[in-house]
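Read off the chains here:
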Amino acid sequence: VSEAAQKRWTTSDFDVGKPLGRGKFGHVYIAREIRSNHIVALKVLFKTQLHQSQVEHQLRREVEIQSHLRHPNILRLYGYFYDQKRVYLILEYAARGELYKELQKCKYFSERRAATYVASLARALIYCHGKHVIHRDIKPENLLIGAQGELKIADFGWSVHTFNRRRTMCGTLDYLPPEMVKSVEHDASVDIWSLGILCYEFLYGVPPFEAREHSETYKRIVQVDLKFPPKPIVSSYAKDMISQMLVKESTQRLALHKLLEHPWIVQNADPSG
Ligand SMILES: Nc1ncnc2c1ncn2[C@@H]1O[C@H](COP(=O)(O)OP(=O)(O)OP(=O)(O)O)[C@@H](O)[C@H]1O
Ligand SMILES: O=C(O)c1cc(-c2cccc(F)c2)nc2ccccc12
Ligand SMILES: [Mg+2]
């Protein structure tokens, strides 16, 4: 394994810069690894908060998974270390920040931009599913943008088995497929559903089943109450692909390798990703 993965790191290996953002358990800083001059993102998590939220084991497993994934559209985890009070994750630096902010700024994306993002996410998910890793948490907040504008799946919420993990409802329901909302067994096809939700939000600026109340969103998801507004104008190929992904029966959802052959992707996605 590369030197980075097995080295014993300490804070003195880094020249820590400005904060890039704050997450639930601490801050993320830009940092330079002194010997290599390599710019990274250093995610600092407080042990007390991790302990209080009982997520230590989840963090360890996600770090274990993340450090073994190598794909251009998956944010790299180079290593980790910890001291008395904190756990530090050494992450690939995503120079253009959060996709979420980009989407808020543009309101919605062009079909070419949306298709390019969806195709790169589909390739990243095919890679993960090939390693029996399902994501479960595809949403704009968990996507970052690299220096060349390429998408990076940044979230550590990977699960390695297709087992049914009860989902704390603190996050948005919008992205949950029917089988998760009803918290029954789920498999890799949950990621196809979430990618369909994401594609819709890229094109319309809002997720398809959004409603004021959780109970309302829940109903719309289980009924797959999918409607396409008249504005903004979206091609029928895009609507066709989304309709093939947001299917209640998980085994009937458009397979990811089929998605890459869909005319909407073929005609709109930039092959470089
Ligand atoms: N690798 C990175 N490169 C650039 N900016 C980053 C990176 N990682 C995190 N950030 C910034 O820091 C913010 C907080 O990071 P992050 O979302 O990972 O924390 P978190 O919310 O605690 O983690 P999680 O979303 O897994 O619960 C992000 O919203 C983003 O703005
Ligand atoms: O004091 C520890 O041994 C410790 C280690 C780790 C840890 C170890 C490897 C990888 C990882 F992501 C986290 N997380 C913690 C969270 C809360 C309290 C203590 C710890
Ligand atoms: Mg976050």
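Just so you know, these numbers come straight off a predicted model, no measurement behind them.

Draft legend 1. Inspection of the side chain of Lys139 at higher detail. Summarising the element assignment, Lys139 is placed in the loop between helix H5 (111-130) and strand S6 (143-145). For Lys139, a relative accessible area of 12% corresponds to the buried category. If sequence neighbours within four positions are ignored, Lys139 has contacts with Thr172, Tyr175 and Leu198.

Draft legend 2. Structural context of the sheet that holds strand S4 (residues 77-82). Taken together, the 5 strands give an open sheet; going across it, the order is S1-S2-S3-S5-S4, and neighbouring strands pair in antiparallel fashion. In the strand order of this sheet, the two ends are held by strand S1 (14-22) and S4, each with one partner. Averaged over all pairs of adjacent strands, the angle between their axes in this sheet comes to 25°, without regard to strand direction. As judged from the 5 bridges shared by S4 and strand S5 (residues 86-92), these two strands associate in the antiparallel manner. Opposite Phe81, over in S5, you have Tyr88 as the bridge partner.

Draft legend 3. Here's a closer look at the pairing of S5. By the criterion of burial, S5 is predominantly enclosed, with 6 of the 7 residues buried. With antiparallel pairing between neighbouring strands as the criterion, S4 and S5 make up a hairpin whose turn holds 3 residues.

Draft legend 4. Region of interest: the environment of Ala115. Along the polypeptide, Ala115 turns up in helix H5. For Ala115 and Ile265, which are 150 residues apart along the polypeptide, the C-alpha to C-alpha distance reads 5.6 Å. Ignoring sequence-local partners within four residues, the contact set of Ala115 consists of Trp264, Ile265, Asn268 and Ala269.

Draft legend 5. Broad picture of the pattern of salt bridges. The full count for this structure, using the stated rule, is 13 salt bridges. The residue Lys101 makes a salt bridge to Glu98 at a minimum N-O spacing of 2.6 Å. Judged by relative accessible area, which is 52%, Lys101 ranks as exposed. A cluster of three or more residues bridged by salt bridges with shared partners is formed by Glu92, Glu150 and Lys152.

Draft legend 6. Spatial organisation of the packing of aromatic side chains. With the rule as written, the count across this model stands at 10 aromatic pairs. On the basis of an interplanar angle of 10° and a centroid distance of 4.5 Å, the ring pair of Phe81 and Tyr88 is categorised as stacked. Exposure remark for Phe81: the relative accessible area of 6% places this residue in the buried category. Taken together, the ring pairs connect Trp9, Phe14, Phe81 and Tyr88 into an aromatic cluster.

Draft legend 7. Spatial organisation of unusual backbone geometry. Here the bond from Lys231 into Pro232 is cis, since omega is -10°, no more than 30 degrees from zero. A positive phi angle is found at Gln54, which is not glycine, with a value near 50°. The phi dihedral of His132 falls on the positive side, at around 60°, and the residue is not glycine. Within the element layout of this structure, His132 appears in the loop between H5 and S6.

Draft legend 8. Representation of the site of ligand 1 in the model. Around ligand 1, the surrounding shell holds 17 residues, and the nearest of these are Lys24, Lys43, Glu92, Ala94 and Glu98. Between an oxygen atom of ligand 1 and a side-chain N or O atom of Lys43, the distance comes to 2.7 Å. A distance of 3.0 Å separates a nitrogen atom of ligand 1 from a polar atom in the backbone of Ala94. Out of a free accessible area of 600 Å², ligand 1 has 84% covered by protein chains. Residue assignment for the shell around ligand 1 shows that the elements contributing at least two residues are S1 and strand S3 (38-46). In terms of residue count, the dominant contributor to the shell around ligand 1 is S1 (3 residues). Here the residues of the shell around ligand 1 are counted per class, giving 8 nonpolar, 3 polar and 6 charged.

Definitions and cut-offs
Residues numbered from 1 in each chain as written. Chains lettered and ligands numbered in written order. Predicted model: local features only at pLDDT ≥ 70, side-chain atom pairs only at ≥ 80, totals over all residues. Heavy atoms only, no water. Helix = DSSP H or I, 4+ residues; strand = E, 2+ residues; numbered from the N terminus. Buried < 20%, exposed > 50% of the residue type's maximum accessible area, 1.4 Å probe, protein only. Contact = heavy atoms within 4.5 Å. Pairing = 2+ DSSP bridges. Axes fitted to C-alpha atoms, helices over the stretch in contact; angles between N-to-C directions. Salt bridge = Lys/Arg side-chain N within 4 Å of Asp/Glu carboxyl O. Phe/Tyr/Trp six-rings, centres within 6.5 Å; stacked < 30°, edge-to-face > 60°. Near = heavy atom within 4 Å. Polar contact = N/O pair within 3.5 Å; in protein donor to acceptor, adjacent residues only side chain to side chain. Areas by Shrake-Rupley, 256 points an atom, 1.4 Å probe, with all protein chains shown as cover. Nonpolar A, V, L, I, M, F, W, Y, C, P; charged D, E, K, R; others polar.

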